[in-house]
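# Reading the structure
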Amino acid sequence: MKGKFIKSPVHIIFGIALLLACVGLGIGSCFWCNGAFSSNNIASGMFSIMAILFFLFVGSFAVLICLTMFSKLELDDTKITGYIAFYGRLSIEYSEINFVTRDNYLIRLHLNNGKTIDISALENSYKIYVYIFSRIKPQKECGNLMKKVNSNNKRRKNAIICVVSLIVLMFVNIIVCVVLTGERDIVDFTERDTKIFVIFSIIEILLFIAMLFFVFLSNIFYRKSIHFMRIQCYCTAIKLKDKGIENIEEVVEVKYFVDYSKRLVVIKAQDESYLYFDVFCFNASQPNSSHWEQITELIPYNNESLENMLNDDFIRLITA
């Protein structure tokens, strides 16, 4: 099986244009920086350094956008190979994967060593997700992971508070600099103003780096929280897989999706066979009170195999 990536020409052209703009402006800022320090214009030089860092930051995103055109993904019975922007070349055996999650066009691989790999912009993400999930061996007993979920949510909340606080400090730093320099332009700075501006620039750069660090931490805590919750949902669904149908005599057969997110129930009524689909509703606050909820009407069941009915188009139809 091969992954079909969404490679929009508009996004690629935008990425290339943004990259070229950042390279051009970055080179221009380097000349500006060199000229400023050569003429002993420290304030202008510090400003140019901030501009260089900004163009490097934006340019890195432009590079990732451009690299998506080279993305490739191939899956066989033993491993996953390909090339993914940011991660480079991949060669992962299914035995190395602890769990896999999916969000729209994103597939996230959770490895046994604790690392995560994101494969985004996948047009056939659902089929890839099912293909991978059916070949890994996720744990079916997980205890209570909700404590870890709550712990990571608190850490993420604290990280977000730090990000907001640092942004406020950056604006406060700007106001203090403007007040202390008498609202003068850089070209009119006195020697004292230049020293103030250098201190301001260093503080601003450090605050910006710290803000990016806490944004990164927030994302890590969010990923961990979602990961633990998905595993808890999976284990709970297996534990409660017969809930709601254990005492129904009309049930002939039950078929579960590979991740136990849905189940197909075949019943017999008045010598006729019908089927319907249930979706598992996970209760994060009280996992054991989770339940299955019917999402379709009774559908006449014929002799076609259940496997032929469990295809991507059919699932989209009944869950629309």
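Throughout, a residue's number is its position along its own chain's written sequence, starting from 1. Per-residue local features of the predicted model are confined to residues with pLDDT of at least 70, and side-chain atom pairs are confined, for both listing and counting, to 80 or more; whole-chain, interface and lining totals are unaffected and use all residues. Here the side-chain values reflect all heavy atoms present in the structure, with hydrogen atoms and water set aside.

## A word on the packing of helix H4 (residues 146–180) against helix H5 (residues 191–239)
Fitted lines through C-alpha atoms serve as axes, helices being fitted only where they are in contact, and the angles separating the N-to-C directions of these axes extend from 0 to 180 degrees. A run of DSSP states H or I qualifies as a helix once it reaches four residues; a run of E qualifies as a strand once it reaches two. Both are numbered from the N-terminal end. H5 packs onto H4 with a crossing angle of 165 degrees between their chain directions and a minimal axis gap of 8 Å. Judged by the angle between their axes, H4 and H5 are roughly antiparallel. Two packed elements cross with a definite hand, and for H4 against H5 that hand is left-handed. Broken down by class, the residue content of the contact of H4 with H5 amounts to 27 nonpolar, six polar and seven charged. Note on angle classes: values under 35 degrees are labelled roughly parallel, values over 145 roughly antiparallel, values of 65 to 115 roughly perpendicular, and the remainder oblique. By definition, any crossing whose near helix is turned counterclockwise from its far helix by less than a right angle is left-handed, and any crossing with a clockwise turn is right-handed. Under this grouping Gly is polar, as are all residues other than the nonpolar Ala, Val, Leu, Ile, Met, Phe, Trp, Tyr, Cys and Pro and the charged Asp, Glu, Lys and Arg.

## Concerning the pattern of salt bridges
When the charged atoms of two side chains with opposite charge come close together, those side chains can pair. In the sections that follow, a salt bridge refers to a side-chain nitrogen of Lys or Arg positioned within 4 Å of a carboxyl oxygen of Asp or Glu. Following the criterion strictly, the structure yields eight salt bridges and no others. Salt-bridge contacts for Arg230 lead to Asp103; the nearest nitrogen and oxygen are separated by 2.8 Å. Of this pair, Arg230 sits in helix H5 while Asp103 is found in strand S4 (residues 97–103), placing the two residues 127 residues apart along the sequence. Looking at Arg230, the relative accessible area reads 27%, which means it is partly exposed. Here the term buried applies to any residue with accessible area under 20% of the maximum for its type, exposed to any over 50%, and partly exposed to those in between, with areas from a 1.4 Å probe on protein chains only. Residue classification places Asp103 among the partly exposed positions, given a relative accessible area of 33%. The network of salt bridges with shared partners includes Arg108, Asp118 and Arg223.

## Digging into the layout of surface pockets
Estimates place the volume of the largest pocket at around 1,200 Å³. Computed over the protein atoms alone on a 1 Å grid, cavities are sets of points where a 1.4 Å probe fits but cannot get out and pockets are open sets with protein on both sides within 12 Å along at least five of seven lines; a residue lines them when it has an atom within 4 Å of a point. If you trace the largest pocket, you find 35 residues lining it, with Phe86, Tyr87, Asp118, Asn219 and Arg223 closest to the centre. Contributions of two or more residues to the lining of the largest pocket are made by helix H2 (42–67), strand S5 (106–111), strand S6 (116–119) and H5. Residue contributions to the lining of the largest pocket peak at 10 residues, all from H5. For the lining of the largest pocket, a count of residues per class yields 19 nonpolar, 11 polar and five charged. Grid points are joined across faces, edges and corners, and a volume is the space filled by probe spheres set on the points.

## So, the packing of H2 against H5
The interhelical angle for the contact between H2 and H5, taken along N-to-C directions, is 15 degrees, at an axis separation of 8 Å. By the angle class used here, H2 and H5 are roughly parallel. As H2 packs across H5, the resulting crossing turns out to be left-handed. Side by side, H2 and H5 meet where Ile42, Ala43, Met46, Phe47, Ile49, Met50, Leu53 and Phe57 of the first sit next to Thr194, Phe197, Val198, Ser201, Ile202, Glu204, Ile205, Phe208 and Leu212 of the second. Within the contact of H2 with H5, the residues separate by chemical class into 14 nonpolar, two polar and one charged. Contact between two residues is taken to exist if any of their heavy atoms lie within 4.5 Å; hydrogens are not considered.

## Focus on a positive patch on the surface
Each patch is built from residues lacking any salt bridge and having more than 30% relative accessible area; the joining distance is 9 Å for like charges and 5 Å for nonpolar side chains (Val, Leu, Ile, Met, Phe, Trp, Tyr). For the area figures, the Shrake-Rupley method with a 1.4 Å probe applies, and any residue is considered shielded solely by the protein chains shown. When charges are tallied, Lys and Arg are placed among the positive residues and Asp and Glu among the negative ones, while His and the ends of the chain are skipped. The atom standing in for a charge is NZ when the residue is Lys, CZ when it is Arg, CG when it is Asp and CD when it is Glu. Residues Lys2, Lys7, Lys72 and Arg89 make up a contiguous surface patch of positive charge. Within the fold, Lys7 resides in the segment before helix H1 (9–38). For Lys7, a relative accessible area of 37% puts it in the partly exposed group.

## Examining the confidence of the model for the chain
pLDDT is defined as a per-residue confidence score from the predictor, taking values between 0 and 100. Summing up the model confidence of the chain, the mean pLDDT is 85 and the portion of residues at 70 or higher is 94%. Across residues 316–320, where pLDDT falls below 50, the model places five contacts with residues more than four positions away in sequence or in other chains.

## Some words on the pairing of strand S8 (residues 262–269)
When you tally the buried positions in S8, you get six out of eight residues, the bulk of the element. Here, any two strands with at least 2 DSSP bridges between them count as paired. Here strand S7 (residues 251–256) pairs with S8 via five bridges, running antiparallel. Paired with Lys255 across the two strands is Leu264, which belongs to S8. Pairing analysis gives eight bridges linking S8 to strand S9 (residues 272–281), with the strands arranged antiparallel. Counted as the bridge partner of Arg263 is Asp278 from S9. Where S8 hands over to S9, the hairpin turn is made up of two residues, of which Gln270 adopts a positive phi near 55 degrees.

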